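A closer look at the structure
Letter by letter, the chains look like this.
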Amino acid sequence: MHRRCARILPAVSVGVLLSAVATSGQAVITPPSNKYTVAQDLELGQKAAAEVDKELPMLRDAAVTTLTTSIGRRLVDAIPQELRHPEFRYTFQVVNVKEINAFALPGGPMYLNRGMIVAARSEGEVAGVMAHELSHVALRHGTAQATKATKYEIGTLLGAVVGSIIGGNVGSAVAQGTQFGLGTAFLRFGREFERQADLLGSHIMADAGYDPLEMASMFKTIQQQGGSGGPQWLSSHPDPGDRYTAITREAALLEVQDPVRDTRAFTQAQARLRQLPAAPSTEEATRKAAGRAAAPVPDGRLDPGRVAPPSSAHTLYTEGDLFRVGVPSNWRELPGGNAVIFAPDGAYGEGVFTHGVEIGVTPNEAHDLRTATNELVASLARGNPNLGKPSGYDRVTIGGRQGLHTVISNVSDTTGQQERIAVFAVLLPDASLLHVLGVAPRERFSDYEGTFRQVVASIRLME
Ligand SMILES: [Zn+2]
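Residues numbered from 1 in each chain as written. Predicted model: local features only at pLDDT ≥ 70, side-chain atom pairs only at ≥ 80, totals over all residues. Heavy atoms only, no water.

A closer look at the pattern of salt bridges
- Using the criterion set out here, one finds nine salt bridges in the structure.
- Linking R140 and D41 is a salt bridge whose minimum nitrogen-to-oxygen distance equals 3.0 Å. With R140 in the loop between α5 (123-138) and α6 (141-149) and D41 in helix α2 (residues 38-55), this pair connects stretches of sequence that are 99 residues apart. For the pair R140 and D41, one class covers both residues: buried.
- A salt bridge links R121 to E125; the shortest N-O distance between them is 2.9 Å.
- Look at R121 and you get exposed, because its relative accessible area is 56%.
- A relative accessible area of 2% places E125 in the buried class.
- Each of E194, D198 and R243 takes part in salt bridges that share partners, so that together they form one network. (Salt bridge = Lys/Arg side-chain N within 4 Å of Asp/Glu carboxyl O. Helix = DSSP H or I, 4+ residues; strand = E, 2+ residues; numbered from the N terminus. Buried < 20%, exposed > 50% of the residue type's maximum accessible area, 1.4 Å probe, protein only.)

Brief notes about the sheet that holds strand β2 (residues 91-95)
- Reading across the sheet, the four strands line up as β1-β2-β4-β3 and stay open at both edges, with mixed pairing between neighbours. With partners counted over all chains shown, the strands left at the sheet margins are β1 (58-59) and β3 (102-104), one partner each.
- As defined by bridge partners, β1 adjoins β2 across two bridges and the pair is classed as antiparallel. Opposite M58, over in β2, you have V95 as the bridge partner. (Pairing = 2+ DSSP bridges.)

Some words on the packing of α5 against helix α8 (residues 191-208)
- As a packed pair, α5 and α8 sit with axes 8 Å apart at the nearest point and diverge in direction by 125°. Relative to α8, the element α5 lies oblique. As for the relative orientation of α5 and α8, their crossing is right-handed in sense. Of the residues in α8, those in contact with G124, A127, G128, A131, H132, S135 and H136 of α5 are F193, E194, A197, D198, L200, G201, I204 and M205.
- When its residues are assigned to classes, the contact of α5 with α8 shows seven nonpolar, six polar and two charged. (Axes fitted to C-alpha atoms, helices over the stretch in contact; angles between N-to-C directions. Parallel < 35°, antiparallel > 145°, perpendicular 65-115°, else oblique. Left-handed = near helix turned anticlockwise from the far one by under 90°. Contact = heavy atoms within 4.5 Å. Nonpolar A, V, L, I, M, F, W, Y, C, P; charged D, E, K, R; others polar.)

Section: the side chain of D41
- The class of D41 is buried, set by a relative accessible area of 1%.
- Within polar-contact distance, the side chain of D41 engages the side chain of T143 at 2.7 Å.
- Among residues more than four places away in sequence, those in contact with D41 are Y36, F88, P106, G107, R140 and T143. (Polar contact = N/O pair within 3.5 Å; in protein donor to acceptor, adjacent residues only side chain to side chain.)

Examining helix α11 (residues 243-252)
- The complete set of buried residues in α11 reads R243, A246, I247, E250 and A251. With its buried residues spanning 135° around the axis, α11 presents them on a single face. Set apart from the buried face of α11 by more than 90 degrees, the exposed residues are R249 and A252.
- Close packing links the buried residues of α11 with α5, α8, α9 (213-225) and α10 (232-236). (Arc of directions from axis to C-beta.)

Overview of the pairing of strand β6 (residues 323-328)
- Counting buried positions along β6 gives five out of six residues, so the element sits mostly inside the fold.
- Taken together, the six bridges between strand β5 (residues 314-319) and β6 define a ladder with antiparallel strand orientation. Note that in β6 the partner of Y317 across the bridge is V325.
- The pairing of β6 with strand β16 (residues 460-461) spans two bridges and is antiparallel. Its bridge partner being in β16, F323 is matched across the sheet by L461.

Here's the deal with the nonpolar core
- Counting residues in each nonpolar core, the largest one holds 54 residues, and the members touching the most others are L75, Y90 and I222.
- Once residues within four sequence positions are removed from consideration, L75 is found in contact with A127, M130, A131, L134, I204, M205, A208 and Y210.
- Judged by nonpolar contacts, the second largest core, of 50 residues, contains V327, V426, V439 and Y448. (Core = buried A, V, L, I, M, F, W, Y, C linked by side-chain atoms within 4.5 Å.)

A word on the sheet that holds β16
- Spatial ordering of the open sheet is given by β5-β6-β16, a layout of three strands whose pairing is antiparallel. Single-partner strands in this sheet number two, and they are β5 and β16.
- Those strands touched by helix α15 (residues 445-458) are β5, β6 and β16, and its axis lies near 155° from that of β6.

Below, the structure written as structure tokens:
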């Protein structure tokens, strides 16, 4: 569960915050606790970047590169002394896709979608998104999130990070042709980290010569231009609450140093982008990349013949600050992009599972439970063309809250076999949607249904 009240400092440091506020007025931003080393941030980010470079089309154009590197360099130079990590390697790439999005990896690699640059109304707006992303990197939010969220070893974490970028933030698991759209929770940033990135981003902007208000106006632009399916950027960077006002308030306390006046690079980059052939969607681009990739089940781990029945013993897992859940002890925890899958050996391949459960949390823009659940089912249908229609929902209790349940038939694209998907969904106090998808082959579904219900009944939301 996500925190409802954002706070910048851990409770123990409140005294520090107050005294700092008393002197300067500006927010003091302390990096969250992190069990990973700075070197691991770098390693993780570099490995993930290598994957991203394979999966997404990079735009290599002189005018555009000039813009992003000049803004990037200014911003990096404005990172406060105590948050500088000399080991980090900041790079700024432009992804040739049309959606408005951007993301940054631990240790420095940043990616800006072409659509983001096109949508920006000024150089300062581009700088605003970049300053926000840079702040997540400098504060090491990716690994801090992993510290909270998981007990994953570094190798597993890499998979989760890459999955979240490819599967959640940039496109969707659906775009990857994977069986189930992995949600967008475990590596999307929480509201506390968002508030930190907004505040630090505004400090960095002011020091770099940009008006922090342009970050706020860019967020408005993103919100307005999100298009159908909602703006992707906002899914991974949820509004911590009153974002615009908070940035405006902070901006009033900041003095823009040596304001950037020459913004020809921005004008030239936008002109150049208008000349280039239209950018594909992320889905089109990743489908192309997937077409170049190997077989759908690379490890050959998917082997329904050797799937053991669910153990009656249960193992308890804690998923970050979201929830606890008990699952059969012979199921493995497989961190996906932003959801987690629990499945027995033989029942999963890359992006696919035939027996087990997926649990995830997705942001939900103020819809009621039924609408949000319909959207969840619709997102499943996009990745599973043979998915049937739910005949209706019945009520179920999940984590002490009222949720919905239904069962949908499907024909697995991978195995060609009939399967059943039990869908459970509930709104969390912050209005995001928690879902549990229980999957089993049709002929085994009645054996598994009880297990799915036990898993759901074991869920405890964490306050
Ligand atoms: Zn963010």
